[in-house]
Each structure stands twice: as C-alpha cells, then as structure tokens.
Amino acid sequence: MHFAPTEEQQMIIDTTRAFVEKELYPHEALVELTGHLPMELIKEIQPKAMAAGLYAANMPEEVGGAGLDTLSWLMYEKELGRANYALHWTCVARPSNILLAGSDEQREKYLYPCIKGEKWDCLAMTEPGAGSDLRGMTATAKEDGDDFVLNGTKHFISHADIADFAIVFMATGEEETPRGKKKLITAFFVDKGTPGFTVREGYRNVSHRGYTNAVLEFDNCRLPRSAVLGEVHKGFQVANDWLGATRLQVAATSLGRAERAFEHALQYSAERKQFGQQISKFQGVSFKLADMALEIKAANLLTWEAGWKFDQGSVTEADMSMAKLKATEVLAMVADEAIQIHGGMGLMDELPLERIWRDARVERIWEGTSEIQRHIISRDLLRPLGG
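Keep in mind that what you see is a predicted model, and the values were worked out from it rather than measured. (Residues numbered from 1 in each chain as written. Predicted model: local features only at pLDDT ≥ 70, side-chain atom pairs only at ≥ 80, totals over all residues. Heavy atoms only, no water.)

Draft legend 1. Molecular detail of helix 10 (residues 317–342). Taking 1.5 Å of rise per residue, the 26 residues of helix 10 would be expected to cover 38 Å, and the 38 Å separating its terminal C-alpha atoms lies within 8% of that figure. Positive backbone phi, approximately 70°, marks Gly343, located one or two places after helix 10. (Helix = DSSP H or I, 4+ residues; strand = E, 2+ residues; numbered from the N terminus. Expected span 1.5 Å × (residues − 1).)

Shown next as structure tokens:
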C-alpha cells in the first residue's frame, strides 16, 4: 500500500495551501468581526481563485472544472477548510454536483454560469420539522395542469442570501412500501424572484460567521414542469446519484481546521515557558500533543481510504460515516485541547483558535448528526447478521 500523495496531488495541496494563506487568511478577522462577507471582497478574490485553477475544481473537465478524482478533491477541500468557511466556500465556490443531473437546457441556465462564477446555487432540503428525517418533510409541490404549485418552508439553507437560485426538494406524493406509506420527493430549480418564493434572513449562528443561513418560504409558487431536476418523484434518487461524497467533504474541511489548530498548539508549547522551562516538557501538555497527533492521523487515514474507495466504486455508507464521524469529533477535541494548551490566550480573537473551536460544533450536526452516522455504521454491521 502506498500512502504518500502523488506528485500531482502534492501540487494541488501546495497550490491550495498557498492561496488560502495569501488570499483568505488576511480577511478572516473582518468576516469574524462583522459576521458579513462583502460582495466586493468576493468579487476581488473570485478571479484570483479562477486564475489559480481552484474555482469549481470539483467539477469534471468536460464542463470546465478541474476533473479531480475524489481523493485529490478531498486533499484540496482539506486545505481550503483551514480558512474561514464563508471565505473559502463563496470566494472559491464549488457548485453542487447535483447540477450535473440537469438537462442540457438546465446545464446552460444553471450549471455553466455557476462554474464561471456568474451565479451561485443553494440546496434546500431541511425544514423546521424535518432535519435528519427528510422523509418527514411537509413542504409540497402539487401538480396543476402542466405546472407544479409549491407551498411550505425550508430553513437552515446555507448562503441562500447570495444564491441566484435554489435546488428545492418537495414532497410530491406517497407510495406504499412494506413498512407503510413513504413520501415521494421531487427536486426543482427555483429562481430567485419567482412569484411566491421568498428568502428571509435566517438564524444567527455561533459557527461559521459570514456563512449565512436563510429561511425559504413558498406560497403558491408556480413552476413549469421544465423546472424539475431529474424525474418527478425521484428526488432522493437524484440526490443519491449526484450529490457526491458530501460527508467526506465535511471530514476533509474539518481535518484542515484540526491541523491548523494543532500547529498553533505545537508551536506555542515549544516556545511558551512556565516554571523555568517550555510547557511542552510537562507531561500534561506533551501527552495532549501526542493524542492530538494520533487522532488527526487516524481521521486522515479513514478519510483518505473512503475517498480512494469512492473512486474504486467500493465505498460504503459506513465508510463515509466513519470518516465524517471521526474527523468532526477529532476537530472538536483538537480545538478544545489547543485552547487549553494556550490558556487564556487561546480564547482571544487574536488567534484563530476560538473561531475553530466555535466552528467545530456544527460539524457534528450538519450533513448528518453524529448519532445518524453511528446509526448508519451499526446498521451496516448488524444487517448481515439479521440485526
């Protein structure tokens, strides 16, 4: 087995790291202080990301992306993840892979403008009463002649305030299954400005300042059949086929922040003196560093293995859940211990540690809570045994 990155992968890592440090780090304090990412700053950084070949790098070459395999893409995501989330997600945008499921006409209207940086997308599934249980969604799209009429509410919709359109999942019927009735789900493109579609300011979030969330309201919002993404009633199939390894993306970006926090702690412990010696010489600190390094390496290996298996077509849901669960929980531990090593200084906003600590909390919730990941892992273990 060969664990070292290839020459091309190392170039991706080095290029992305250099861009993050030069173009994104200098603006973190502004975004953290104001909770806002100005559009003029986005427009300033965006062309630099394009020139560096980093913008929409998750997309295939045939549509204008970098054509990265999953493992290389995760290495790229990890480096971007070192920076403030709003900065890297918006200024170095990676359009949702689900846009690739669109028809030729839909690709022209939505996919290509996102790849060129002319538009932003957002994905709307979650509702106030339907988070982990997406089948419990109550927002509906009902057929009316050749149209669909949408009603209901979505919330926690990331960066919907700047998005030009939303990919919205709505209940469009029910089907009988051995376990009873289940809702049928359909995905729709909804352009901002469509009558009956309102984007409201969301909630103030302790994590990822500047990376906003919004509430989407649909009040008799009428859409033509051409707005359907994929097939009617096949929304979950479209999501499963095209959303890609989103849990692995969360794992990778979490690891980027964990490593940044660890680097601060390691450097500080080697320089800071108390009781006449560097604090790294105290077992209470050195053992923390050892545990942090161990856990980061374990999470990296789980994530890289899952990414490699994704490319081989052999990845399982449990593989991706293990990586996401481990990386997000390691981030929380490392961020907390890095602050402990720094003492009071770790909580000051002169360092990125208090931000990383705050940001870590949401990672164990979105893209499937830690409890959902454990459910998926245990289900895969027990199914062969009839459990």
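Draft legend 2. Structural view of the side chain of Ser207. With respect to the secondary-structure elements, Ser207 resides in the loop between strand 6 (197–201) and strand 7 (213–224). Ser207 sits in the buried class, given a relative accessible area of 1%. Excluding anything up to four places from it in sequence, Ser207 contacts Arg358, Asp359, Arg361 and Val362. (Buried < 20%, exposed > 50% of the residue type's maximum accessible area, 1.4 Å probe, protein only. Contact = heavy atoms within 4.5 Å.)

Draft legend 3. A positive patch on the surface, seen in detail. On the surface, Arg135, Arg179, Lys182 and Arg383 cluster together into a positively charged patch. One can find Arg179 in the loop between strand 4 (165–177) and strand 5 (180–191). (Patch = residues over 30% accessible without salt bridge, like charges linked within 9 Å, V, L, I, M, F, W, Y side chains within 5 Å. Areas by Shrake-Rupley, 256 points an atom, 1.4 Å probe, with all protein chains shown as cover. Salt bridge = Lys/Arg side-chain N within 4 Å of Asp/Glu carboxyl O. Lys, Arg positive; Asp, Glu negative; His and termini not counted. Charge placed at Lys NZ, Arg CZ, Asp CG, Glu CD.)

Draft legend 4. Fine view of the packing of helix 4 (residues 70–80) against helix 8 (residues 246–271). With their axes 7 Å apart at the nearest point, helix 4 and helix 8 run at an angle of 45° to one another. By the angle between their directions, the pair helix 4 and helix 8 is classed as oblique. Here helix 4 and helix 8 pass one another in a crossing that is right-handed. The segment helix 4 lies against helix 8, with Trp73, Leu74, Glu77 and Lys78 engaging Leu248, Gln249, Ala252, Thr253, Leu255, Gly256 and Glu259. (Axes fitted to C-alpha atoms, helices over the stretch in contact; angles between N-to-C directions. Parallel < 35°, antiparallel > 145°, perpendicular 65-115°, else oblique. Left-handed = near helix turned anticlockwise from the far one by under 90°.)

Draft legend 5. Layout of the layout of surface pockets. Estimates place the volume of the second largest pocket at around 780 Å³. What lines the second largest pocket is a set of 25 residues, and nearest its centre among them are His2, Phe3, Leu71, Met75 and Trp304. Those elements giving two or more residues to the lining of the second largest pocket turn out to be helix 1 (7–24), helix 4 and helix 9 (283–312). In terms of residues, the lining of the second largest pocket owes the most to one element, helix 9, which gives nine residues. By residue class, the composition of the lining of the second largest pocket is 10 nonpolar, six polar and nine charged. (1 Å grid on protein atoms, 1.4 Å probe; cavity = no way out; pocket = protein on both sides within 12 Å on 5 of 7 lines; lining within 4 Å. Points joined across faces, edges and corners; volume = space filled by probe spheres on them. Nonpolar A, V, L, I, M, F, W, Y, C, P; charged D, E, K, R; others polar.)

Draft legend 6. Representation of helix 3 (residues 39–51). Taking 1.5 Å as the rise per residue, helix 3 with 13 residues should run 18 Å; its terminal C-alpha atoms sit 19 Å apart, in good agreement. Listed in full, the buried residues belonging to helix 3 are Leu41, Ile42, Ile45, Gln46 and Ala49. Against helix 1, helix 2 (28–34) and helix 5 (85–91) lie the buried residues of helix 3. Phi turns positive one or two residues past the end of helix 3, at Gly53, with a value near 80°.

Draft legend 7. Up close: the side chain of Asn58. The topology assignment puts Asn58 in the loop between helix 3 and helix 4. Engagement of the side chain of Asn58 in a polar contact is seen with the side chain of Asn97, the distance being 2.9 Å. (Polar contact = N/O pair within 3.5 Å; in protein donor to acceptor, adjacent residues only side chain to side chain.)

Draft legend 8. Structural context of unusual backbone geometry. Phi is positive for Phe156, close to 60°, though the residue is something other than glycine. Within the fold, Phe156 resides in strand 3 (residues 147–158). We note that His159 has phi near 45°; this positive angle belongs to a residue other than glycine.

The quantities given are spatial measurements derived from coordinates; they are silent on function.
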